[in-house]
Amino acid sequence: QVQLVESGGGLVQAGGSLRLSCAASGSTISRYCMGWFRQAPGKEREFVAGIRWLGSTYYLDSVKGRFTISRDNAKNTVYLQMNSLKPEDTAVYYCAADPRGGSYDRHTSYDYWGQGTQVTVSS
């Protein structure tokens, strides 16, 4: 079993930055595909960014060039650096772990989820 705990969310003005962290425990995630998803009120959960265990990264088109996903296997932690934030980035952000290396952008590929952290971007 893997437990995931997100942190780093908050309220920020448009154009600002936040860094989300996802700390894993219970098992090493070094060989897992890790993803960040978000869900805004009244909307479906959507893929934001993913990173495979060999380091390949993937992004939602609307965040490319603004968000960066990374991992520190020594700390069993994954990060999402978010720059140039926009009001439409407002959502609850979830970290997820996929031990089998399935489709990185499908939430059904991920077995383990964190509780989420709120990101609010004011205009």
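Because the structure is predicted, anything quoted here is derived from the model rather than measured.

Draft legend 1. Highlighting the state of the cysteines. All chains considered together, the criterion is met by 1 disulfide. With a sulfur-sulfur separation of 2.0 Å, C22 is cross-linked through a disulfide to C95. Looking down the S-S bond of the C22 and C95 bridge, the torsion is -75 degrees, so its handedness is left-handed. Taken as a pair, C22 in strand β3 (residues 18-25) and C95 in strand β9 (residues 91-98) lie far apart in primary sequence, 73 residues in all. Cysteine C33 shares no disulfide, and the gap to the nearest cysteine sulfur, in C95, comes to 11 Å. Judged by relative accessible area, which is 2%, C33 ranks as buried.

Draft legend 2. Quick look at the pairing of β3. One ladder, built from 5 bridges, connects strand β1 (residues 3-7) with β3; its direction is antiparallel. By the bridge assignment for β3, V5 is matched with A23. The sheet contact formed by β3 and strand β8 (residues 77-82) spans 6 bridges and is antiparallel. If you follow R19 over to β8, its bridge partner there is Q81.

Draft legend 3. Structural detail: the pairing of β9. Most of β9 is tucked away, with 7 of its 8 residues classed as buried. Pairing geometry for strand β4 (residues 33-39) and β9, over 7 bridges, is antiparallel. Paired with G35 across the strands is A96, a residue of β9.

Draft legend 4. Structural detail: the pattern of salt bridges. For the coordinates displayed, the defined rule picks out 5 salt bridges. Salt-bridge contacts for D89 lead to R38; the nearest nitrogen and oxygen are separated by 3.0 Å. Here D89, found in the loop between β8 and β9, pairs with R38, found in strand β4; they are 51 residues apart in sequence, far enough to count as distant. Among the residues examined, D89 registers a relative accessible area of 1% and is labelled buried. Across the pair R66 and D89 runs a salt bridge, and its minimum N-O distance is 2.8 Å. Of this pair, R66 sits in the loop between β6 (57-59) and β7 (67-72) while D89 sits in the loop between β8 and β9, and the two are 23 residues apart along the sequence. Taken together, the shared-partner salt bridges connect R38, E46, R66 and D89 into one network.

Draft legend 5. Main features of the sheet that holds β1. Across the sheet, which stays open at both edges, the 4 strands sit in the order β1-β3-β8-β7 with antiparallel pairing between neighbours. Strand pairing shows two members of the sheet lacking a second neighbour, β1 and β7, which therefore form its edges. When the angles between neighbouring strand axes are averaged without regard to direction, this sheet yields 15 degrees. Inspection of the sheet shows β7 paired to β8 by 6 bridges, in the antiparallel sense. Looking across to β8, one finds that I69 is bridged to L80.

Calculation rules
- Residues numbered from 1 in each chain as written.
- Predicted model: local features only at pLDDT ≥ 70, side-chain atom pairs only at ≥ 80, totals over all residues.
- Heavy atoms only, no water.
- Disulfide = S-S within 2.5 Å.
- Helix = DSSP H or I, 4+ residues; strand = E, 2+ residues; numbered from the N terminus.
- Buried < 20%, exposed > 50% of the residue type's maximum accessible area, 1.4 Å probe, protein only.
- Pairing = 2+ DSSP bridges.
- Salt bridge = Lys/Arg side-chain N within 4 Å of Asp/Glu carboxyl O.
- Axes fitted to C-alpha atoms, helices over the stretch in contact; angles between N-to-C directions.

What is shown is where atoms sit, not what they do.
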